[in-house]
Amino acid sequence: MTVTTVDPKTALVVVDLQKGIASLPTAPHPAADVVARSAELAAAFRARGLPVVFVRVTGGAPGRTEAPARGEQPPADWADLVPELGVQESDIVVTKQQWGAFYGTDLDLQLRRRGVTQVVVTGIATSIGVESTARAAHEHGYHVAVAVDAVADMDEGAHRNSVEKIFPRLGETGTTEAIVKLLG
């Protein structure tokens, strides 16, 4: 489904564009392109007085997994948001400890206090933080749009699955250009 509208009270939610993640190789879009498109959307949202939320991850949810845990301690600046995003004092920064941006954070409260009814989601990784955040937004009753040229993954097949099979069931998808145009 192509994004058809942007609600008057829409927030941009940028997921995990931090130094330790944005430095990874991604597909189908290089991380630098995802950052640039997210920054473009952030500027457009700010220009219209709409909320911009930057989400960063600083830990992991507890529990056993089959995937091996990271063995080494990440660098001190691993969770710092990349400077190219141009984070402003008026932006909301949410720190999470798991894949999605809603569970265990005040994101829903921050959005509801501002009357937000829709979220546009960007970031890395499409099939992990972005998809988890989009799923939770949908479950919380928000209209969801994903800027498909402003998301990428370390696994192109996982990215494709999210974009083609999951996101259309959660909301709408569109390009950065289309979303900026709809913002008016």
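Our subject is the structure listed above.
In this text the structure is predicted, and so the values were computed from the model without any measurement.

### Considering the pairing of strand β3 (residues 92-96)
Only one face of β3 is buried, namely the one carrying Ile 92, Val 94 and Lys 96, since none of Val 93 and Thr 95 on the opposite face is buried. Here 5 bridges tie strand β2 (residues 52-57) to β3, and the two strands are oriented parallel to one another. Counted as the bridge partner of Val 55 is Val 94 from β3.

### Some details on the sheet that holds strand β1 (residues 10-15)
Taking strand neighbours across the sheet as the criterion, the 6 strands line up as β3-β2-β1-β4-β5-β6 in an open arrangement whose pairing is parallel. Each edge of the sheet is formed by a strand with only one pairing partner; in this case those strands are β3 and β6 (172-174). Sheet twist, expressed as the average angle between the axes of neighbouring strands with direction ignored, equals 25°. Bridging between β1 and strand β4 (residues 118-124) involves 6 bridges; their strand directions are parallel. Of the residues in β4, the one forming a bridge with Val 13 is Val 121. The strands touched by helix α6 (residues 176-183) within the sheet are β4, β5 (143-152) and β6, with β5 carrying the most contacts at an inclination of about 140°.

### Structural notes on the pattern of salt bridges
When charged atoms on two side chains of opposite charge get close, those side chains can pair. A complete count under the given rule lists 7 salt bridges for this structure. For the salt bridge of Arg 37 with Asp 149, the shortest nitrogen-to-oxygen distance reads 3.6 Å. Here Asp 149 lies in strand β5 and Arg 37 lies in helix α2 (residues 31-47), a separation of 112 residues in the sequence. In this structure Arg 37 comes out as partly exposed when scored by relative accessible area, which is 24%. A residue is classified by how much of its surface remains accessible, and Asp 149, at 15% relative accessible area, is buried. Note that Arg 112 is salt-bridged to Asp 108, the shortest N-O span being 3.0 Å. Residue Arg 112 and its partner Asp 108 are located together in helix α3 (residues 107-113), separated by 4 residues, close to a single helical turn. With relative accessibility at 42%, the residue Arg 112 sits in the partly exposed group. We classify Asp 108 as partly exposed; its relative accessible area is 21%.

Reading the values: rules and limits
- Residues numbered from 1 in each chain as written.
- Predicted model: local features only at pLDDT ≥ 70, side-chain atom pairs only at ≥ 80, totals over all residues.
- Heavy atoms only, no water.
- Buried < 20%, exposed > 50% of the residue type's maximum accessible area, 1.4 Å probe, protein only.
- Helix = DSSP H or I, 4+ residues; strand = E, 2+ residues; numbered from the N terminus.
- Pairing = 2+ DSSP bridges.
- Axes fitted to C-alpha atoms, helices over the stretch in contact; angles between N-to-C directions.
- Contact = heavy atoms within 4.5 Å.
- Salt bridge = Lys/Arg side-chain N within 4 Å of Asp/Glu carboxyl O.

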